[in-house]
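# An overview of the molecular structure
So the chains spell out like this:
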Amino acid sequence: MGINSEKDIEANLQIGPTTEGMVRLFVEAGEMEIPMDFDPEEAEEIAEELRAAAAQARKLG
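This section reports on the structure supplied with the text.

Quick notes on the rules
- Residues numbered from 1 in each chain as written.
- Predicted model: local features only at pLDDT ≥ 70, side-chain atom pairs only at ≥ 80, totals over all residues.
- Heavy atoms only, no water.
- Pairing = 2+ DSSP bridges.
- Helix = DSSP H or I, 4+ residues; strand = E, 2+ residues; numbered from the N terminus.
- Patch = residues over 30% accessible without salt bridge, like charges linked within 9 Å, V, L, I, M, F, W, Y side chains within 5 Å.
- Areas by Shrake-Rupley, 256 points an atom, 1.4 Å probe, with all protein chains shown as cover.
- Salt bridge = Lys/Arg side-chain N within 4 Å of Asp/Glu carboxyl O.
- Lys, Arg positive; Asp, Glu negative; His and termini not counted.
- Charge placed at Lys NZ, Arg CZ, Asp CG, Glu CD.
- Contact = heavy atoms within 4.5 Å.
- Axes fitted to C-alpha atoms, helices over the stretch in contact; angles between N-to-C directions.
- Buried < 20%, exposed > 50% of the residue type's maximum accessible area, 1.4 Å probe, protein only.

## Observations regarding the pairing of strand β3 (residues 32–38)
Of the pairings in the sheet, the one linking strand β2 (residues 23–29) to β3 comprises 7 bridges and is antiparallel in character. Directly across from Leu25, in β3, lies its bridge partner Met36. Here β2 folds back onto β3, and the loop between the two strands holds 2 residues, one of which, Gly30, carries a positive phi near 60 degrees.

Have a look at this one:
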């Protein structure tokens with residue numbers, strides 16, 4: 001599946017800090033749960049990538 005491939009799957013995304021000082025992205029889709037933990041620096045890099053992708057998407061839309 002590529003970034004431009006559409007799928008008919010619903011998912012829930014939760015984002016928050018853990019008690020261990022990590023940032024967790026928690027994806028839930030059907031019976032599948034995917035917890036992804038990142039240190040704060042990695043989380044900031046991901047946030048920058050999201051902002052950059054949003055800016056590019058605005059230009060295309």
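Resuming the write-up.
## Considering a negative patch on the surface
A cluster of acidic residues, Glu41, Glu42, Glu44, Glu45, Glu48 and Glu49, forms a negative patch on the protein surface. Inspection of the secondary structure puts Glu41 in helix α1 (residues 40–60).

## Observations regarding the side chain of Thr18
Structurally, Thr18 can be placed in the loop between β1 (12–17) and β2. Among all residues touching Thr18, those that are not within four sequence positions of it are Arg24 and Asp37.

## Some words on the sheet that holds β3
Here we have 3 strands laid out as an open sheet, ordered β1-β2-β3, and antiparallel in their pairing. Each edge of the open sheet is held by one strand with a lone partner, namely β1 and β3. Adjacent strand axes in the sheet meet at a mean angle of 15 degrees, parallel and antiparallel pairs treated alike. Sheet topology places β1 next to β2; 6 bridges connect them, and they run antiparallel. Across the sheet, the residue bridging to Gln14 is Phe26, located in β2. In this fold α1 packs onto β2 and β3, with an angle of close to 110 degrees to the strand it touches most, β3.

## Some details on the pattern of salt bridges
Inspection of the entire model under this criterion finds 1 salt bridge. Here Asp37 and Arg24 are joined by a salt bridge, their closest N and O atoms 2.5 Å apart. Of the two residues, Asp37 is situated in strand β3 and Arg24 in strand β2; the sequence distance between them amounts to 13 residues. Judged by its relative accessible area of 36%, Asp37 falls in the partly exposed class.

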